Amino acid sequence: AWNWIGVQGNHETCFNYYFKKDLELIQLYREKFGSSLDMVLGQLSQKQISIIKALKDTKELVLGNKRILLVHGSPWSQNEYIYKDSSPYIWRKIESLPYDYLISGHTHYPFIKHLNNITVLNPGSIGQPRDYGSLASWIEADFNKNLAQIYRVKFDPKKIIAEINEYDPQKHYLAEVLTR
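Residues numbered from 1 in each chain as written. Predicted model: local features only at pLDDT ≥ 70, side-chain atom pairs only at ≥ 80, totals over all residues. Heavy atoms only, no water.

A. Focus on the layout of surface pockets. Empty space within the second largest pocket amounts to approximately 170 Å³. Every residue along the wall of the second largest pocket is listed here: A1, W2, W4, K47, Q48, I51, I52 and L55. (1 Å grid on protein atoms, 1.4 Å probe; cavity = no way out; pocket = protein on both sides within 12 Å on 5 of 7 lines; lining within 4 Å. Points joined across faces, edges and corners; volume = space filled by probe spheres on them.)

B. Layout of helix α2 (residues 23-33). Taken together, the buried positions of α2 are I26, Y29 and F33. Looking straight down α2, one finds its buried side chains confined to an arc of 60°; they lie on one side. For α2, the exposed residues lying more than 90 degrees away from the buried face are L23 and E24. Immediately downstream of α2, the backbone of G34 shows phi near 80°, a positive value. (Buried < 20%, exposed > 50% of the residue type's maximum accessible area, 1.4 Å probe, protein only. Helix = DSSP H or I, 4+ residues; strand = E, 2+ residues; numbered from the N terminus. Arc of directions from axis to C-beta.)

C. Quick look at the pairing of strand β7 (residues 147-154). Bridge analysis of strand β6 (residues 135-142) against β7 gives 8 bridges, and the strand direction is antiparallel. Along β7, the bridge assignment pairs S137 with R152. Remark: 4 residues form the turn of the hairpin made by β6 and β7, two consecutive strands paired antiparallel; N146 in that turn has positive phi of roughly 55°. (Pairing = 2+ DSSP bridges.)

Next up, the structure:
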């Protein structure tokens, strides 16, 4: 019911393999991530599936007088990782972009980094944090005031871990990532 804007991430790309009947890529996904997409397919409505299929790799926004680029990995690749301590080369490339904000994810590590002309926001992850287990993270931003803050809240991963152990018991790392 929320009014939201999103982009396609690596898992949404894999989700689309199911609709293209790409059996080789589906099998590679299952080997790495287990049966999660198989389970999701049975739970989503046609409207929800249509929304996922329609997501683009990037989304440009103008909010007030701020230009924002929303990506999953980096502006150049859905699967590129941008960390707070990425190389100076990456930061120079980002500084050359014609935006006030870059919102990126993929790493599951939250951070806010202010550069000369652009601020990079990575909200981390609500359901699979990689820096502190069981601490969901997100960012609240007021673009008009140039304010952004990372929030964290503890969540209990026991139910998800029980489902992983039930459906994909051989995929131990799927449960381990939730408690590191």
